[in-house]
Amino acid sequence: MERQLVFDLPNELDCIEEAVAFVMRRCAQCEVVARRLRLNFRVSLTEALANAMIYGNGSDPTKRVRVEIRIENGAIQARVTDEGQGFDPEVVPDPTLPFLPQGEGGRGLFLMRRLMDEVRYNDRGNSVTLVLRLDDDRGLQNGVSA
Amino acid sequence: MAFHVNREGDITVIDVDGQLIVGNRQELKQKVLDEVARGERKFLVDFTNTGYIDSSGLGVLVSLSKKIREQGGDLRLASLNEDLRTLFELTKLNTLFRIAETRDEGLQDF
């Protein structure tokens, strides 16, 4: 794929599947890390887009989400930015802790953190950057054991 | 993507073709709840033709499982590929659901 891909999405959940598929097609040459792209990156990008649309933009159809994909320094990086006020990711509990109810929500940020090599937010909390190293073909070995 | 509902004896089988993610989870939820309202209690979700699931997809399965159990039924899963199994293991939802290797195994096991 080109080393940089930037596009805006309308704040519509129905756009997520095609947006993620579009990015995945552009990443098709990265076969050596196919599983990490197919699972770790694809799921995490979906989570980031959903969080941006639902929580960041408050499901406001007049707002947009910016997606910036870059390959540099042996890693693929996705930055997803919404137009919301931001949030504190530290307040999100671990959904696998036994005292938490087995509820419907609350697993998105957890999955991103487990599936990606790095997840970081800007100070405002409205932009998340996901980093997946491309020199690592271990699949999910770093994610399953803990 | 699509959800196909079929009947195998007294078991309602739902095939998930494509993705089960935030954009279509409500469609699956409504289809299953419609079947519950019709009196169905045994559900098997077959993931043979599923690409990937996100946290919303996992969440709707948890929600449906809870509702069906409250009605005295059960929702089970079958034919998870390696990627999907990994997601269930990461979230520890493999301990919540009964997961069959194949559709036939899931049907016979009910």
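For the structure, see preceding data.
Keep in mind that what you see is a predicted model, and the values were worked out from it rather than measured. For every chain, the first residue of the written sequence is number 1, and numbering continues from 1 along that sequence. All chains are assigned letters beginning at A, and all ligands numbers beginning at 1, according to the order in which they are written. Thresholds applied to this predicted model are a pLDDT of at least 70 for local features of residues and 80 or more for the giving and counting of side-chain atom pairs; totals over whole chains, interfaces and linings are not thresholded and use all residues. Side-chain calculation: all heavy atoms of the structure are included, whereas hydrogens and water are not.

The next point concerns the side chain of A:Asn57. Residue and element names in this part refer to chain A. Structurally, asparagine 57 can be placed in the loop between α2 (34-56) and β2 (64-72). Exposure categories follow from relative accessible area, calculated using a 1.4 Å probe and restricted to protein chains: below 20% of the type maximum is buried, above 50% is exposed, and the middle band is partly exposed. The class for asparagine 57 is buried, based on a relative accessible area of 2%. A polar contact of 2.8 Å, which involves the side chain of asparagine 57, links it to the side chain of asparagine 11. Any two residues whose heavy atoms approach within 4.5 Å are treated as being in contact. Contacts of asparagine 57, omitting those with residues within four sequence positions, involve Asn11, Ala52, Lys63, Arg64, Val65, Asp82, Glu83 and Gly84. Strands here mean DSSP runs of E at least two residues long; helices mean DSSP runs of H or I at least four residues long; both are numbered from the N terminus. Polar contacts here mean pairs of N or O atoms no more than 3.5 Å apart (in protein, one a potential hydrogen donor and the other a potential acceptor; neighbouring residues in sequence count only if both atoms are side-chain atoms).

Moving on, we get to the pairing of strand β5 (residues 127-133) of chain A. Residue and element names in this part refer to chain A. Counting buried positions along β5 gives six out of seven residues, so the element sits mostly inside the fold. Two strands qualify as a pair provided DSSP detects at least 2 bridges between them. Taken together, the seven bridges between strand β3 (residues 75-81) and β5 define a ladder with antiparallel strand orientation. Bridged to arginine 79 within β5 is threonine 129. Sheet analysis places strand β4 (residues 118-121) next to β5, joined by four bridges and oriented antiparallel.

Residues and elements named next belong to chain B. With 16 residues, helix α2 (residues 55-70) extends 23 Å between its outermost C-alpha atoms, agreeing within 8% with the 22 Å of an ideal straight helix rising 1.5 Å per residue. Buried residues dominate α2, accounting for twelve of its 16 residues. Every buried residue of α2 is listed here: Ser55, Ser56, Gly57, Leu58, Gly59, Val60, Leu61, Val62, Ser63, Leu64, Ser65 and Ile68. Its side-chain oxygen at 3.1 Å from the backbone nitrogen of serine 56, aspartate 54 defines the N-terminal cap of α2. A helix is expected to reach a length of 1.5 Å times the quantity of its residues less one.

Contacts between the two partners involve 27 residues from chain B and, on the opposite side, 28 residues from chain A. Around 2300 Å² of area is buried between chain B and chain A when both sides are counted, 59% of it from carbon and sulfur atoms. Of all residues in chain B, B:Tyr52, B:Asp83 and B:Leu90 give up the largest surface area on contact with chain A, accounting jointly for 28% of the area buried on that side. Salt bridges are defined as contacts in which a side-chain nitrogen from Lys or Arg sits within 4 Å of a carboxyl oxygen from Asp or Glu. On inspection of chain B and its partner chain A, the count reaches two salt bridges. The term buried area denotes the loss of accessible surface (1.4 Å probe radius) that occurs when two parts are joined, taken as the sum for both partners.

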